[in-house]
Amino acid sequence: MKTNTSIILRRLGLGVVTLLVISILIFVGVEALPGDLAEAVLGQSATPETVEAFRKELKLDLPPHVRYFSWLGSFLRGDFGTSLANGRPIADLIGWRFSNTLFLAGITALISIPFAVGLGILAALYRNTLFDRSISIGTLSAISFPEFFVAYILIAIFSVQLTMFPSMSNIGPQMTLLQKIHAVALPCLTLTLVVMAHMMRMTRAAIINVLTSPFIEMARLKGLSWRRVILHHAFPNALSPIINVVVLNLAYLVVGVVVVEVVFVYPGLGQLLVDSVAKRDIPVVQASGLIFAFTYVFLNLTADILSTLSNPRLRNPK
Amino acid sequence: MKHLLEINNLVIEARTGENWKPVIKGVDLVLDRGEVLGLIGESGAGKSTLGLAAMAYTRTGCRIASGSILYGDRDLTKLSKREQRKLRGAKIAYVAQSAAASFNPAHKLIHQFAELPVQHGVMSYAEAEKKAIDLYRRLHLPDPERIGYRYPHQVSGGQLQRAMVAMAMAGDPDIIIFDEPTTALDVTTQIEVLAAIKEVIQAQQTAAIYITHDLAVVAQLADRIMVLRYGDLVEEGEARELLENPQKEYTRDLISIRSLREDKDVLARKTDAILEIKGVSAAYLPGAPVVRDIDLTITPKKTVAVVGESGSGKTTLARVVTGLLPPYEGRIVFDGQELSADLKNRDLEVLRRMQMVYQMPDVALNPRQKIRRIIGRPLEFYFGMTGKAQEERILELLDMVELPARYISRYPSELSGGEKQRICIARALAANPDLIICDEVTSALDQLVAEGILELLQELQNELGVSYLFITHDLATVKAIADEIVVMLKGRIVEQGVKREILKPPHHEYTELLLSSVPEMDPDWLDNLLEERQESTLH
Amino acid sequence: MTAIQLLKKSPASARVGMIIIVFNLLVMMLAPVIAPYPETEVVGDVWVNSSAENLLGTDQLGRDMLTRLVYGARNTITIALFITLISFTVGATCGFLAATLKGWTDQVISRMVDIIMAFPTLIFALMVLSVLGTSIPVLIVVIAILDSTRVYRLARAVAMDIEVMDFIEVARLRGEKLWWIMRREILPNAMPPLIAEFGLRFCFVFLFISALSFLGLGIQPPTADWGSMVRENAGAITFGILTPLYPAAAIAVLTIGVNLVVDWFLHQSSQLRSH
């Protein structure tokens with residue numbers, strides 16, 4: 001019988017390995033660039049001297065494994081190198097944008113999680129009623145909508161027609177929290193709608209799965225009130241799947257943020273990533289991609305560990 | 001006199017697609033205070049549905065269409081949800097078949113026990129706790145003071161089942177519904193649970209409805225027995241009366257004890273053994289052998305039955321013989337030729353001559369293939385038989401397993417459990433095998449159907465001279481079909497020999513335990529057995 | 001039950017879905033016949049309102065919006081279908097192999113898939129595209145590989161469930177070859193969940209390409225494509241012109257249509273199983 005700690009340690013170890021492999025993949029991906037990064041960036045017309053100087057600057061003359069470790073080492077120290085496009089340190093470009101992205105994702109999570117879990121549970125409890133069906137159709141449509149469709153509909157309504165919120169969400173350090181929230185209202189609403197649909201569907205499925213277990217029938221045959229059956233018998237067993245659903249959707253949120261940031265020209269990491277891909281500013285792509293990947297892996301890891309901890313069978317080993 | 005529970009002309013319907021179809025077709029039932037009523041029937045008889053209806057409860061997709069359920073002077077079907085709920089657990093309690101699934105994994109046993117009286121407002125938590133320990137003791141659970149503070153998955157199956165009986169008694173109910181409470185248990189564990197149930201309900205004078213498919217089990221407990229079939233009452237009577245003098249054909253069939261087969265000459269010489277297993281040991285993980293030092297010989301036209309409880313390694317033995325699990329020690333000799341341990345290195349001829357039939361015909365037949373293809377494939381594969389010749393041979397095989405020719409173009413899902421098992425047998429026969437390994441082939445089937453399958457296997461052996469390696473946990477089956485018996489316990493053979501010898505005392509200690517634990521129709525069997533065992537421990 | 005009987009019993013939602021799918025497929029195949037103008041012809045002013053000549057108005061370069069939508073259907077759906085087919089072939093084959101062979105084959109493929117799946121899909125695609133540049137073949141290969149990992153997971157899980165059934169052991173003991181077992185014993189039983197997954201994967205791929213195109217990193221102009229069309233016309237929305245919503249709505253409608261049919265199909269096959 002595996003104990004809790006060993007499961008969690010194993011999972012943590014796996015997470016670290018995954019991150020290492022991802023970093024290698026990102027690094028090798030750039031190495032595998034057809035031709036040479038220097039030529040690719042400087043173009044065909046560059047003179048051999050400029051190419052050579054550029055190679056020196058990027059340390060392209062060193063063997064790959066040395067460069068990998070020095071790249072990873074400086075990355076871990078917070079030194080991401082400099083941007084090819086404008087020569088500025090990448091850390092400066094990324095820092096405030098990443099916190100903007102987290103701000104947007106954070107507010108969205110605060111709104112969507114309680115709503116989604118609550119509605120998901122209600123839909124499961126009132127299964128096959130009109131309420132459940134309308135929620136089911138609603139969420140099905142919402143997950144079918146591309147994020148930008150939702151975004152533009154919201155802009156057309158709230159920004160163009162009602163002029164309640166700006167269609168461009170520019171935020172800066174001098175703004176108060178309230179101003180910031182006003183600025184991100186529409187991107188936040190867009191993300192909320194998209195994430196909630198997924199979360200509600202998954203919560204509903206998890207609860208229904210628990211409700212069909214024989215121990216729920218037993219609880220009802222013991223003559224317990226419906227309230228007690230749900231709170232005392234169903235809920236502790238549904239907790240583990242629900243936590244899983246929530247954190248997985250947070251991970252989804254981190255990625256979904258990219259498109260929404262572009263729509264609302266929000267100064268976040270996703271916007272930077274997309275711009276850099278278009279400009280082929282590879283060091284910036286590497287750094288921001290790696291940060292996204294770290295966040296994603298970290299959240300997935302949290303989901304696994306939390307759901308292990310909340311599983312009654314695993315919490316009380318034999 | 002007023003009955004404790006009285007069900008009148010009850011009709012329960014189940015939804016199939018758009019329509020409602022009756023599954024209980026107007027059954028009457030009465031239960032008096034302190035009486036134990038046995039509900040017996042095969043699968044699909046509606047006995048669980050009827051049992052649950054006594055609590056005015058129906059599963060999803062079922063509804064009570066008409067009839068009344070009188071408890072005292074109240075009709076349960078007319079009560080409000082709230083009033084129904086107040087009766088459930090407190091006045092009428094339920095013991096489910098699978099305790100492992102029916103206990104909530106998130107809470108300790110004693111909390112689940114105490115919840116019932118505390119929520120119904122008849123006891124404080126402390127009182128309930130004391131009562132639980134008292135009941136655990138009376139149900140002979142080990143360490144009664146502490147076992148309640150464990151979680152369900154930390155307790156064994158037989159103990160869990162007893163803990164559930166205790167939970168049902170928590171509110172001192174008038175009636176307890178037992179729904180196949182021992183079916184999932186090994187025979188030796190079943191005895192313990194049965195004895196505990198009997199003792200407690202007698203002491204408490206609780207009325208009970210005991211639902212089971214096994215007449216011998218119900219004979220030990222019931223005062224009165226109702227036989228159900230397809231949602232109808234077949235026969236009802238006092239337990240002894242009904243067992244001794246059944247009025248209906250169907251009941252007689254259920255009761256008729258399987259006839260012992262006469263022993264044939266088993267003094268075959270070693271040389272014409274069809275299969276020899278010599279000193280075989282095998283393990284799934286290195287260092288943890290599941291079977292050890294197995295020696296076994298099967299001669300042509302004979303049936304060797306390997307018997308043991310779950311975990312005895314009998315199914316593993318079958319996997320070793322077929323080559324699915326190569327042994328780390330020992331040899332397997334088939335018709336004088338030593339077999340490669342691994343399936344991959346065996347030639348087709350060996351594979352053809354050794355066929356297998358499984359416990360669950362549902363998963364042993366590919367649901368997406370028609371019978372024609374299922375039986376036709378081995379004909380094509382081993383003999384290159386196609387077209388008209390194949391078709392004719394398939395029909396011949398269907399005839400051998402006593403199935404109509406029209407089944408050839410059906411899918412397995414259109415057949416009943418027993419018919420599917422016959423198809424499995426036909427598929428094995430298609431290869432013209434010398435040895436068929438039968439792994440619990442009758443365990444998943446209703447009693448009468450199982451008997452039909454055993455008869456068929458016997459006839460086929462007489463006609464075709466095929467040998468069987470018959471793996472089972474059921475001693476009644478062994479008695480019916482075996483020439484030789486091998487008793488296994490924890491991966492080792494504890495006793496083996498000709499059937500007559502094994503079934504005749506003196507037995508090995510474990511064989512004795514196994515044999516004596518098989519319930520008999522005699523209503524006094526359990527009492528006598530417990531008395532005997534008591535005495536032997538005293539001496 | 002025959003297909004026609006099934007269709008007759010299908011709920012309204014599934015019928016709506018089927019009509020949407022059939023309509024889109026027709027448009028896709030008959031694009032040059034239906035479209036009033038050639039794919040890239042400029043026919044009028046920028047962002048003209050709808051009129052008899054231009055039923056849905058014009059786009060940011062003055063091309064007919066309806067024409068662009070019709071050709072967009074053709075380009076986007078074709079590529080999405082193609083990618084889904086590749087990812088299915090690769091993913092399902094690997095999944096079945098892993099489930100039947102087990103051992104190190106399973107370990108190697110599964111660990112590789114774990115790593116790709118530990119990476120957010122969009123980020124992965126963006127990084128690869130930044131290195132290799134945006135072209136249709138690169139797009140197809142990258143998305144197909146990413147998507148096949150999801151198919152692999154499902155195919156492996158389904159095949160594992162089937163693989164433990166005794167009829168597979170029967171086939172093994174009979175001496176059947178691996179290929180036969182995969183094709184004749186496993187595949188037919190794995191079909192219902194795989195068909196449903198095909199629908200879901202198509203939706204995912206379709207939305208994914210649209211998102212990439214919307215970001216300017218997918219199908220490149222002047223090829224008509226719904227995602228790019230939203231991007232190119234996005235500016236119009238601030239003037240209260242709804243032009244960018246047409247292609248976005250087209251994407252949404254097709255995805256809903258497929259989802260409705262898949263939902264019904266899943267419901268149907270789960271009912272069949274319980275009988």
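Residues numbered from 1 in each chain as written. Chains lettered and ligands numbered in written order. Predicted model: local features only at pLDDT ≥ 70, side-chain atom pairs only at ≥ 80, totals over all residues. Heavy atoms only, no water.

Hey, could you run me through the overall build of chain C in this one?
Along the backbone of chain C there are 10 helices and 0 strands. Reading chain C from its N end, one meets helices and strands in the order α-α-α-α-α-α-α-α-α-α. By its C-alpha atoms, chain C is 75 × 50 × 30 Å across when sized along the principal axes. Within chain C, the proportion of its 275 residues that are buried is 55%. Entry remark: accessible area of chain C is about 11700 Å², with carbon and sulfur atoms responsible for 70%. Chain C carries 19 positive and 19 negative side-chain charges, and their two centres are separated by 9 Å. (Helix = DSSP H or I, 4+ residues; strand = E, 2+ residues; numbered from the N terminus. Buried < 20%, exposed > 50% of the residue type's maximum accessible area, 1.4 Å probe, protein only. Areas by Shrake-Rupley, 256 points an atom, 1.4 Å probe, with all protein chains shown as cover. Lys, Arg positive; Asp, Glu negative; His and termini not counted. Charge placed at Lys NZ, Arg CZ, Asp CG, Glu CD.)

I keep staring at the domain arrangement of chain B and nothing clicks. Help me out?
Frequently, the measure chosen for interface size is the accessible area removed from exposure when the parts meet. Residues and elements named next belong to chain B. When its domains are assigned, chain B resolves into domain 1 (5–255) and domain 2 (275–517). Approximately 1000 Å² of surface area, both sides summed, lies buried where domain 1 meets domain 2, with 48% of it carried by carbon and sulfur atoms. Linking domain 1 with domain 2 are 0 salt bridges, by the criterion used here. Applying the counting rule to domain 1 against domain 2 returns 6 residue pairs in polar contact (both at pLDDT 80 or more). (Domains from an automatic or database assignment. Buried area = accessible area lost by both parts, 1.4 Å probe. Salt bridge = Lys/Arg side-chain N within 4 Å of Asp/Glu carboxyl O. Polar contact = N/O pair within 3.5 Å; in protein donor to acceptor, adjacent residues only side chain to side chain.)

Just checking my understanding: could you explain the packing of aromatic side chains for this structure?
According to the stated counting rule, one finds 15 aromatic pairs over all chains in the structure shown. Both rings, one in C:Phe202 and one in C:Phe206, keep their centres 5.6 Å apart while their planes meet at 15 degrees; by these two values the pair is stacked. Pair noted here: C:Phe202 and C:Phe206 are both in helix α8 (residues 178–214), with a separation of 4 residues, about one helical turn. Here C:Phe202 falls in the buried class, since its relative accessible area comes to 7%. Members of the aromatic cluster, each reached through a chain of ring pairs, are A:Phe27, A:Tyr68 and A:Phe69. (Phe/Tyr/Trp six-rings, centres within 6.5 Å; stacked < 30°, edge-to-face > 60°.)

It is not clear to me how the sheet that holds strand β16 (residues 354–357) of chain B should be interpreted in this structure. Could you clarify?
Strand pairing in a sheet relies on backbone hydrogen bonds. The paired strands run either parallel or antiparallel. Residue and element names in this part refer to chain B. Taken in spatial order, the 6 strands of this open sheet run β16-β17-β18-β13-β19-β20, and their pairing is mixed. Edge positions in the open sheet fall to β16 and β20 (492–498), since each of these has one partner strand only. Adjacent strand axes in the sheet meet at a mean angle of 15 degrees when their direction is disregarded. Two strands pair when backbone bridges link them, and strand β13 (residues 303–307) and strand β18 (residues 467–472) are joined in this way by 5 bridges, in the parallel orientation. Bridging from a neighbouring strand, Val304 pairs with Leu469 of β18. Contacting β16 and β17 (435–439), helix α17 (residues 417–430) crosses the sheet at an angle of about 175 degrees to β16. Where helix α18 (residues 447–464) meets the sheet, it contacts β13, β17 and β18, and its direction lies at approximately 160 degrees from that of β18. (Pairing = 2+ DSSP bridges. Axes fitted to C-alpha atoms, helices over the stretch in contact; angles between N-to-C directions. Contact = heavy atoms within 4.5 Å.)

Please clarify how helix α5 (residues 90–125) of chain A should be interpreted in this entry.
A rise of 1.5 Å per residue sets the reference length of α5(A), with its 36 residues, at 52 Å; its end C-alpha atoms lie 50 Å apart and thus fit the reference within 8%. The largest bend along α5(A) measures about 30 degrees and falls at A:Ser112, with the proline A:Pro114 one to four residues further on. (Expected span 1.5 Å × (residues − 1). Bend = angle between axes of the 7 residues up to and from the residue.)

Would you explain the interface of chain B and chain A in this entry?
At the junction of the two partners, chain B supplies 26 residues and chain A supplies 20 residues. Contact between chain B and chain A buries roughly 2300 Å² in total, counting both sides, with carbon and sulfur atoms accounting for 56%. When the area that chain B buries against chain A is broken down by residue, the three leading residues are B:Pro105, B:Glu115 and B:His153, summing to 25%. On the surface where chain B and chain A come into contact, there are 3 salt bridges. In this structure, A:Arg228 engages B:Glu115 in a salt bridge whose closest nitrogen and oxygen atoms are separated by 2.6 Å. Remark: the boundary between chain B and chain A carries 12 residue pairs in polar contact (both at pLDDT 80 or more). At 4 residues, the largest contribution of residues to the side of chain B that touches chain A is made by helix α4 (residues 109–119) of chain B. Taken together, the residues of the side of chain B that touches chain A break down into 13 nonpolar, 9 polar and 4 charged. (Nonpolar A, V, L, I, M, F, W, Y, C, P; charged D, E, K, R; others polar.)

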